[in-house]
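# Chains, contacts and geometry: an overview
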Amino acid sequence: MRLFEAIVDANHRAVAGDTSAGLHPADFAAALPVIALTCIDPRLNALFPSALGLPGEQFIWLRNAGNIITSPVSSTMRSLALACAVKGGEEIAIIGHTDCHVCQTTTTVLLDQLKALGVERSRLPENVNDFFGMFGSERQNIIKACGFARSSPLIGPKIPVHGLLIDVGTGKLDWVVNGYDTLPVNTVTPPPKTQFASLGDLGSFKDFEMGEMKFPDMKIGDAALPEAPAPPVVVSPPPPPPVATLPPKKHPGKIAVPPPIKPRPTFSSRRN
Ligand SMILES: [Zn+2]
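Residues numbered from 1 in each chain as written. Predicted model: local features only at pLDDT ≥ 70, side-chain atom pairs only at ≥ 80, totals over all residues. Heavy atoms only, no water.

## Some words on the environment of R139
With respect to the helices and strands, the residue R139 is situated in helix α6 (residues 138-151). Assessed through its relative accessible area of 30%, R139 is described here as partly exposed. A sequence separation of 42 residues divides R139 from H97, and the C-alpha atoms of the two residues are 8.9 Å apart. Filtering out sequence-adjacent residues up to four positions away, R139 remains in contact with L165, D174, W175 and V176. (Helix = DSSP H or I, 4+ residues; strand = E, 2+ residues; numbered from the N terminus. Buried < 20%, exposed > 50% of the residue type's maximum accessible area, 1.4 Å probe, protein only. Contact = heavy atoms within 4.5 Å.)

Here's what the structure looks like:
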């Protein structure tokens, strides 16, 4: 099982109430750290990186309103590229969320709200929808973003680009795009056997209340949708080793467990 497959598996088991569900980061050292692009929604603050079961130092977090990528060379793509090149990110995950207000806001409403803030329509680009990257389907938005990232000249072919959707009520992760499917065939190396540990090993999650866990009513979606504009699969010999190398990564031996559990409801203003 590869890193994000293990993450989703452990996440689903934790959401279902399995208190032994977890992830052993040392088993996936070659796939860490990961880079996640998420929305700015503050409800996500308490969900990451615990919903992935990763320690904070293995989680590079990029955020923008709506987790939108507008082109293969957009500002967000430049940050993703630097996160790989400068911070050693090994896998990219674009993680949308349920109940996204960017998704729910129409162009008319957006213009009204901007006007209320003193932003005049005449000073905005003609196609406001395209400019802000507004979207009507969170899943389609994730697929589109994964397509741009996968085809970006800034991202190497060996970096998996995944798309996931997280439920802000439960912390449950669902696949939208499985980035391993579009990797060159000779670059996927099976990791060592996954090990799981108990919740008792994780001191930093003591603030979470198991009793407050909510279970989704819908059927668990397990099918990864096809990615939109996939680049051609490249089968070629591995490139020569780089002249300069990044300092060796340190991976904690301690086991992190994803408790995709809704935090204390004090901070929650909206529910699904
Ligand atoms: Zn959002």
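After that view, the rundown keeps rolling.
## Focus on the environment of T98
Among the secondary structure elements, T98 is positioned in the loop between β3 (91-97) and α3 (101-104). Separated by 68 residues in sequence, T98 and I166 place their C-alpha atoms 6.4 Å apart. In this structure the side chain of T98 is engaged in a polar contact, spanning 3.0 Å, whose partner is the backbone nitrogen of V168. (Polar contact = N/O pair within 3.5 Å; in protein donor to acceptor, adjacent residues only side chain to side chain.)

## Some details on the sheet that holds strand β2 (residues 59-63)
With mixed pairing, the five strands of this open sheet are ordered in space as β2-β1-β3-β4-β5. This sheet does not close on itself; its edge strands, each paired only once, are β2 and β5 (173-177). Strand after strand, the sheet turns through a mean of 30 degrees between neighbouring axes, direction not considered. Bridge count between strand β1 (residues 34-38) and β3: five bridges; the pairing is parallel. Paired with L37 across the bridge in β3 is I94. (Pairing = 2+ DSSP bridges. Axes fitted to C-alpha atoms, helices over the stretch in contact; angles between N-to-C directions.)

## With respect to the pattern of salt bridges
Using the criterion set out here, one finds six salt bridges in the structure. Measuring nitrogen to oxygen at the nearest pair gives 2.8 Å for the salt bridge that ties R2 to E5. Where R13 meets D9, a salt bridge forms, and the shortest distance between an N and an O atom there is 3.4 Å. Here R13 pairs with D9, and both are found in helix α1 (residues 3-15), just four residues apart, close to one helical turn. Under the relative-accessibility criterion, R13 is labelled partly exposed at 24%. Given the relative accessible area of 29%, D9 is considered partly exposed. The network of salt bridges with common partners includes D9, R13 and D18. (Salt bridge = Lys/Arg side-chain N within 4 Å of Asp/Glu carboxyl O.)

## Here we look at unusual backbone geometry
A cis geometry characterises the amide bond from L32 onward to P33, with omega recorded as 0 degrees. Positive phi, close to 40 degrees, is recorded for N67, a residue that is not glycine. Examined against the element boundaries, N67 turns out to sit in the loop between β2 and α2 (75-85). A positive phi angle is found at D99, which is not glycine, with a value near 60 degrees. Tracing the backbone through its elements, the reader meets D99 in the loop between β3 and α3. Among the residues examined, D99 registers a relative accessible area of 15% and is labelled buried.

## Considering the packing of aromatic side chains
The tally for this structure, following the rule as stated, stands at four aromatic pairs. Taken together, a centroid distance of 5.6 Å and an interplanar angle of 65 degrees make the contact between F48 and W61 edge-to-face. Of the two residues, F48 is situated in the loop between β1 and β2 and W61 in strand β2; the sequence distance between them amounts to 13 residues. With centroids separated by 4.9 Å and ring planes inclined at 80 degrees, the aromatic side chains of F131 and F132 adopt a geometry described as edge-to-face. Among the residues examined, F131 registers a relative accessible area of 49% and is labelled partly exposed. Feature note: the residues F48, F59 and W61 constitute an aromatic cluster, connected by ring pairs. (Phe/Tyr/Trp six-rings, centres within 6.5 Å; stacked < 30°, edge-to-face > 60°.)

## Re the nonpolar core
Counting 38 residues, the largest nonpolar core has L3, F4, L52 and I95 as its most contacted members. Secondary-structure elements contributing two or more residues to this core are α1, β1, β3, α3, α4 (107-116), β4 (161-166) and β5. At five residues, the largest contribution of residues to this core is made by α1. Residues in contact with F4, not counting those within four places in the same chain, are V34, L52, E91, A93, H162, L164, W175 and Y180. (Core = buried A, V, L, I, M, F, W, Y, C linked by side-chain atoms within 4.5 Å.)

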